[in-house]
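Analysis of the macromolecular model
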Amino acid sequence: MGWHSAFPAGHSQGHSWPPGRSPAGAQRSASAAGAMSPCTFALLLLLLPDAAPDVLTFPKPGHGLRRQKRDWVIPPINCPENDRGPFPKRVVQIKSTKDKETKVFYSITGQGADSYPVGVFTIERETGWLEVTKPLDREEIDKYVLFSHAVSANGQSVEDPMEIIITVTDQNDNRPVFTEAVFHGTVPEWAEPGTPVMRVLATDADDAVSSTNGVVVYSILRQRPEHPQPHMFVINSSTGVISVAAAGLAAQVVPEYTLDIQAADVEGYGLQATTTALIKVQAEGMSETVNGSLTTHVLNTVTGLPAASLAVRLAQLQEPGLQWTELVQRWTDHDGRCPPLLAPGQAKAGTYKLRFETAAYWQGLGHTSFYPFVEVVFTIADPAQKLHIPLLISPYSYTTYRGS
């Protein structure tokens, strides 16, 4: 598994000394440690930088569970996921210094040992070798907390239980997955460069905290048609927000654009996935957000600014079986507004639902949302009456009301 050995006092074989620490300095430390018990000295060796132990020695009695004392903190042991074996495979050896006085037998408890999933880790009863019995999956369980025990032949404990943390290290074994097969957006013609249009989102199950395996980068592979130029839109590589890159959008010339979008993990150099974004260019007469029978307006109360590039879906409760049927999807513009969800004359009496995809919006701003989405269910009694439903959002709250 690539562990470094921890040698007893007086030996420095195979050890890489930390910066600023000479072998002579180490000899002085070894001399100073001569008065310590063998158990104490073994633990101090484990605390040297870059020392990943082959042997874990039980701490001196009275210190086993006092993890607030740095002297007795056992560093986590890393096991890679998807290891091909052969199994069982040795991870680390547990040793008690009491084995010089009596026969010691070892056991382990905890998740992956005697609790679900049982049997992932076992220990050789007489030698203390901790072994992994199968390939690990970080996306399923990323950390195991075990406790090792040592008893004598008559079953009496000879050591306090010692906590061992097994960290499952990530491999890039998951490609990004887009949340939609096809993304839809609208943009007013003659929109200025920098105007946000829509946002695409891909998730990756790999680790994006301690590695780049789950860090997704977006790019536009192709624009169709390539008029009036091939780069009318640009995408933010980190957030997936698509914006207007060049002037010249005209509905009569190009009413709709198709963008081929790629998401690649490992910061753009790993596994890839693709999706399609369809962007409709709305003529000036159609892009007025105030002339529909149902409109909305979203405000970010954290910044006090409109919430741009937030997905909004409208559904209606319809027969058979009173099921929700999606009618339209829109994206808010830089003013937090979108084209009418229901055009004049399109509304019918009934029950409707507006769903605002707030989690994706906040994620794009670097926040975590308490609400994965916001749904507003309402009824239309008079289809001839105009209806406006504003929404005020923060990562932890939202407010809505009937506007005018």
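Residues numbered from 1 in each chain as written. Predicted model: local features only at pLDDT ≥ 70, side-chain atom pairs only at ≥ 80, totals over all residues. Heavy atoms only, no water.

**Looking at the confidence of the model for the chain**
With 80% of its residues at a pLDDT of at least 70, the chain reaches an overall mean of 81. A low-confidence stretch, residues 63-73 stays under pLDDT 50, and its non-local contacts, those more than four residues away or across chains, total 18 contacts. (pLDDT = per-residue confidence, 0-100. Contact = heavy atoms within 4.5 Å.)

**As for the environment of arginine 402**
Residue position: arginine 402 is located in the segment after strand 25 (397-400). Residues arginine 402 and phenylalanine 378, spaced 24 residues apart in sequence, show a C-alpha to C-alpha distance of 9.6 Å. Filtering out sequence-adjacent residues up to four positions away, arginine 402 remains in contact with Gln385, Lys386, Leu387 and His388. Of the polar contacts made by the side chain of arginine 402, one reaches the side chain of glutamine 385; its length is 3.4 Å. (Helix = DSSP H or I, 4+ residues; strand = E, 2+ residues; numbered from the N terminus. Polar contact = N/O pair within 3.5 Å; in protein donor to acceptor, adjacent residues only side chain to side chain.)

**Remarks on the sheet that holds strand 7 (residues 143-152)**
With mixed pairing, 4 strands are arranged side by side in an open sheet as 2-8-7-4. Here the strands that pair on one side only, and so sit at the sheet edges, are strand 2 (77-80) and strand 4 (104-110). Within the sheet, the average angular offset between the axes of one strand and its neighbour, ignoring direction, is 30 degrees. As paired elements, strand 7 and strand 8 (residues 162-169) share 6 bridges and run antiparallel to each other. The residue of strand 8 that forms the bridge with tyrosine 144 is isoleucine 166. (Pairing = 2+ DSSP bridges. Axes fitted to C-alpha atoms, helices over the stretch in contact; angles between N-to-C directions.)

**A word on the pairing of strand 21 (residues 323-331)**
Note: strand 20 (residues 311-318) against strand 21, 8 bridges, orientation antiparallel. From the neighbouring strand, arginine 313 faces strand 21, where its bridge partner is glutamine 329.

**Some thoughts on the side chain of serine 152**
Here serine 152 is to be found in strand 7. Not counting residues within four places of it along the chain, the set of residues in contact with serine 152 comprises Thr102, Lys103, Phe105 and Val158.

**Details of unusual backbone geometry**
Glycine aside, residues mostly have negative phi, and peptide bonds are mostly found in the trans state. In this chain, arginine 224 is followed by proline 225 through a cis amide linkage whose omega measures -10 degrees. By the element assignment, proline 225 lies in the loop between strand 13 (217-224) and strand 14 (233-235). Backbone torsion omega between histidine 227 and proline 228 reads -5 degrees, so that peptide bond is classified as cis. For proline 228, the location among the structural elements is in the loop between strand 13 and strand 14. Of note in the backbone geometry, valine 266 takes a positive phi value of approximately 55 degrees without being a glycine. Inspection of the secondary structure puts valine 266 in helix 3 (residues 265-268). On the basis of relative accessibility, which here comes to 23%, the residue valine 266 falls in the partly exposed class. One non-glycine residue, serine 309, lies in the positive phi region at around 60 degrees. (Buried < 20%, exposed > 50% of the residue type's maximum accessible area, 1.4 Å probe, protein only.)

**Here we look at the environment of isoleucine 242**
Relative to the helices and strands, isoleucine 242 resides in strand 15 (residues 241-244). Separated by 45 residues in the primary sequence, isoleucine 242 and valine 197 place their C-alpha atoms 5.6 Å from one another. Non-local contacts of isoleucine 242, meaning those with residues more than four positions away in its chain, are made with Thr195, Pro196, Val197, Met198, Val200, Phe233, Val234, Ile235, Leu259, Ile261, Ala277 and Ile279.

**A look at the packing of aromatic side chains**
The description of an aromatic ring pair uses the distance of the two centres, along with the angle that the planes make with each other. This structure, assessed with the given rule, holds 8 aromatic pairs. Between phenylalanine 121 and tyrosine 144, the ring centres sit 5.1 Å apart and the planes meet at 75 degrees, which makes this aromatic pair edge-to-face. Here the residue phenylalanine 121 occupies a position in strand 5 (residues 121-123), and tyrosine 144 occupies one in strand 7, the gap between them amounting to 23 residues. Here tyrosine 361 and tryptophan 362 contribute two aromatic rings whose centre-to-centre distance is 5.1 Å and whose plane-to-plane angle is 70 degrees, an arrangement assigned as edge-to-face. In terms of burial, tyrosine 361 and tryptophan 362 fall into one category: buried. (Phe/Tyr/Trp six-rings, centres within 6.5 Å; stacked < 30°, edge-to-face > 60°.)

**Brief notes about the pattern of salt bridges**
Opposite charge on two side chains permits pairing when their charged atoms draw close. What the rule picks out here adds up to 13 salt bridges. In this structure, glutamate 139 and arginine 138 form a salt bridge, with 3.2 Å as the shortest nitrogen-oxygen distance. Judged by its relative accessible area of 27%, glutamate 139 is partly exposed. What makes arginine 138 buried here is its relative accessible area of 14%. (Salt bridge = Lys/Arg side-chain N within 4 Å of Asp/Glu carboxyl O.)

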